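Close look at the chain arrangement
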Amino acid sequence: KTSVLVALVGERVMGSADLLVEDVGAWGTASYVVNVCVRDEARRQGLGRRLVQSAEQRGVDKGAEAMVLHVDVDNAAARRLYEAMGYVELDAQSSLGAHFTGDDFVGGADGASPPSAPQLLMAKP
């Protein structure tokens with residue numbers, strides 16, 4: 001269910017994104033983009049956009065009807081990128097939002113502590 005996408009420059013890993021595709025009840029199948037990371041020296045070169053686009057395509061290929069991701073509230077650059085890609089803030093009280101704000105997503109199913117920064121849930125309609 002989980003895929004790891006990697007951005008290589010030559011043979012060096014410069015970024016990655018995790019993708020989870022799962023059934024979310026009435027919403028059908030959703031693609032959840034997790035933990036998009038790009039090395040500092042590789043930022044502002046389009047790698048983050050390409051990683052998210054690749055994750056979106058992989059999700060569509062696996063039947064996803066909704067695209068969802070979390071972003072740190074204070075990460076203005078990532079929020080601008082996601083908004084430019086068509087993502088909008090998702091109401092955590094909606095059925096899709098509630099699914100992706102449960103303990104398994106925000107805190108981790110393994111009992112790990114929640115993220116240190118407040119998270120914003122975004123979806124691509």
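Look up a bit, the structure's there.
Calculation rules
Residues numbered from 1 in each chain as written. Predicted model: local features only at pLDDT ≥ 70, side-chain atom pairs only at ≥ 80, totals over all residues. Heavy atoms only, no water. Helix = DSSP H or I, 4+ residues; strand = E, 2+ residues; numbered from the N terminus. Expected span 1.5 Å × (residues − 1). Buried < 20%, exposed > 50% of the residue type's maximum accessible area, 1.4 Å probe, protein only. Contact = heavy atoms within 4.5 Å. Salt bridge = Lys/Arg side-chain N within 4 Å of Asp/Glu carboxyl O.

Some words on helix 1 (residues 47–61)
Counted at 1.5 Å a residue, the expected span for helix 1 with its 15 residues is 21 Å, and the 21 Å between its end C-alpha atoms agrees. Among all positions in helix 1, only Leu47, Gly48, Leu51, Val52, Ala55, Glu56 and Gly59 are buried. On its buried side, helix 1 packs onto strand 1 (2–9), strand 2 (12–23), strand 3 (29–38), strand 4 (66–72), helix 2 (76–84) and strand 6 (119–124). Just downstream of helix 1 lies Gly63, where phi reads positive at about 95°.

Focus on the pattern of salt bridges
Within the structure shown, the criterion is met by three salt bridges. Of the charged contacts, one joins Glu41 and Arg12 as a salt bridge, the two residues approaching to 2.9 Å between their closest N and O atoms. Taken together, the positions of Glu41 in the loop between strand 3 and helix 1 and Arg12 in strand 2 put the pair 29 residues apart, joining distant regions of the chain. Classification of Glu41 by relative accessible area gives partly exposed; the value is 44%. Linking Lys124 and Glu56 is a salt bridge whose minimum nitrogen-to-oxygen distance equals 3.2 Å. Taken together, the positions of Lys124 in strand 6 and Glu56 in helix 1 put the pair 68 residues apart, joining distant regions of the chain.

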